[in-house]
Amino acid sequence: MVGPAPTVAATRVAVRRMLHGIRKDALVLVACSGGADSLALAAATAFVAPRMGLRAGLITIDHGLQDGSDRRAAAVAAWGESVDLRPALVVSVDVSGRPGGPEAAAREARYDAILETARACQANSVLLGHTRDDQAETVLLALARGAGPRGMAAMPDRRDVEGVALLRPLLDMSRDETRKACAAMGLEPWEDPHNLDPSYARSRVRGSALPALVDALGPGVVSNLARTARLLAQDAEALDVLAAEELERSKLEEGLSVAMLEALLPALRARALHSWALSLGCSPAALSHRHVTALEALVTSWHGQGAVHLPGGIRAARVAGVLRVVTE
């Protein structure tokens, strides 16, 4: 008996490993654009999930940014139903009026819609089709904007967001492998023209920067960048745990102890202040390195400066040795 093509088997194994431990009869959704990565992932999930006693559905997002995007989304959903991915849902989003550039706005709208739909469906998890190539691109983009270890850790294989697990089974597979898997299954992926549009930073990294690195340093650079992300993710997780402990020790009834914060190593202090700002209600998307640096200055470079303005209209100041929220 002839088994599946190696790349098809690899996608199924990756999905099976990621879904291990999910309770029987739970619903998992696959976010599928119709591109090779998410299409290979959806096909693998349609095969694996029922054999593990799980229900599997599909969600595709129509950003409305291209002519015919609604027809493409409908075609992806129809294909999902044909392979028993049910429900197979089309969700339209409006990316206008969101902060950041068009890439960031589309990404934020997409994730908001995916999470909202997953909760509405009571889905346990959502599977995302990011590959090793996507991870390498994300590391390069993080380097370009001067990100620290958390940013360069790039995309985790699992992230829990308010009761929904975002899962990335294909981070150890290449984009070329997902294309070969689609070809082996007779699937025709959709090629998003935005992936070739040089006005988008990720498209420039994908089309020029990363290929130039491969030419200069060899094909192993993609795997090495992805491995760097995994290693930094482990380090960042450890530092986050330590910073959370120190943040708890620094808490006073009216705010945070400046003396306790000042005694911390810089890496722990920055993380503690970042977490504190988030706990005050700052938007994660709007909270930047600049804000955290200004908070740190209240601790380590105090010379009587005024309050720091944080996202969401929040103001933090140093008052009698305490870092606290102020209203005046």
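Rules of the game
Residues numbered from 1 in each chain as written. Predicted model: local features only at pLDDT ≥ 70, side-chain atom pairs only at ≥ 80, totals over all residues. Heavy atoms only, no water. Domains from an automatic or database assignment. Core = buried A, V, L, I, M, F, W, Y, C linked by side-chain atoms within 4.5 Å. Buried < 20%, exposed > 50% of the residue type's maximum accessible area, 1.4 Å probe, protein only. Helix = DSSP H or I, 4+ residues; strand = E, 2+ residues; numbered from the N terminus. Salt bridge = Lys/Arg side-chain N within 4 Å of Asp/Glu carboxyl O. Expected span 1.5 Å × (residues − 1). Bend = angle between axes of the 7 residues up to and from the residue. Disulfide = S-S within 2.5 Å. Arc of directions from axis to C-beta. Contact = heavy atoms within 4.5 Å.

- Where an unreviewed UniProt entry is consulted, the protein appears under the name tRNA(Ile)-lysidine synthase, with the organism given as Asanoa iriomotensis.

1. What to know about the domain arrangement of the protein
Consideration 1: By the assigned domains, the protein splits into domain 1 (6-217) and domain 2 (253-325).
Consideration 2: Look at where the C-alpha atoms of domain 1 and domain 2 centre, and you get two points 35 Å apart.

2. Comments concerning the nonpolar core
Consideration 1: With 37 residues, the main nonpolar core has Leu19, Leu58, Trp79 and Leu127 as its most contacted residues.
Consideration 2: Looking at this core, the elements that each hand over two or more residues are α1 (6-19), β1 (27-31), α2 (36-51), β2 (55-62), α3 (69-82), β6 (164-167) and α7 (175-184).
Consideration 3: Sort the elements by how many residues they give to this core and α2 lands first, with ten residues.
Consideration 4: Within the second largest apolar cluster, 22 residues are counted, among which are Leu29, Ile59, Ala105 and Leu115.

3. Looking at the pattern of salt bridges
Consideration 1: For the coordinates displayed, the defined rule picks out 17 salt bridges.
Consideration 2: Note that Asp172 and Arg230 form a salt bridge whose closest N and O atoms lie 3.4 Å from each other. Taken together, the residues span a long stretch of sequence, with Asp172 in the loop between β6 and α7 and Arg230 in helix α9 (residues 220-250) at a distance of 58 residues.
Consideration 3: By relative accessible area, which is 54% here, Asp172 ends up exposed.

4. Observations regarding α2
Consideration 1: Taking 1.5 Å per residue, 16 residues should reach 22 Å; α2 reaches 23 Å between its end C-alpha atoms and fits that length.
Consideration 2: Bending of α2 peaks at approximately 30° at the position of Thr45.
Consideration 3: Judged by how many residues are buried, α2 sits mostly within the fold: 13 of 16 residues are covered.

5. Concerning the state of the cysteines
Two cysteines joined by a covalent bond between their sulfur atoms form a disulfide.
Consideration 1: With the rule as written, the count across this model stands at zero disulfides.
Consideration 2: Cysteine Cys32 remains unbridged, with the sulfur of Cys182 as its closest cysteine sulfur at 8.7 Å.
Consideration 3: Given the relative accessible area of 0%, Cys182 is considered buried.

6. Thoughts on helix α12 (residues 289-300)
Consideration 1: An ideal rise of 1.5 Å per residue puts 16 Å on twelve residues; α12 measures up with 16 Å between its terminal C-alpha atoms.
Consideration 2: Here α12 has its buried residues at His291, Val292, Leu295, Glu296, Leu298 and Val299. Viewed end-on, α12 has its buried residues packed into an arc of 150°, placing them on one side of the element. Facing away from the buried side of α12, by more than 90 degrees, are the exposed residues His289 and Arg290.
Consideration 3: Looking at the packing, one finds that the buried side of α12 touches α10 (258-262), α11 (266-279), β9 (308-310), β10 (314-319) and β11 (322-325).

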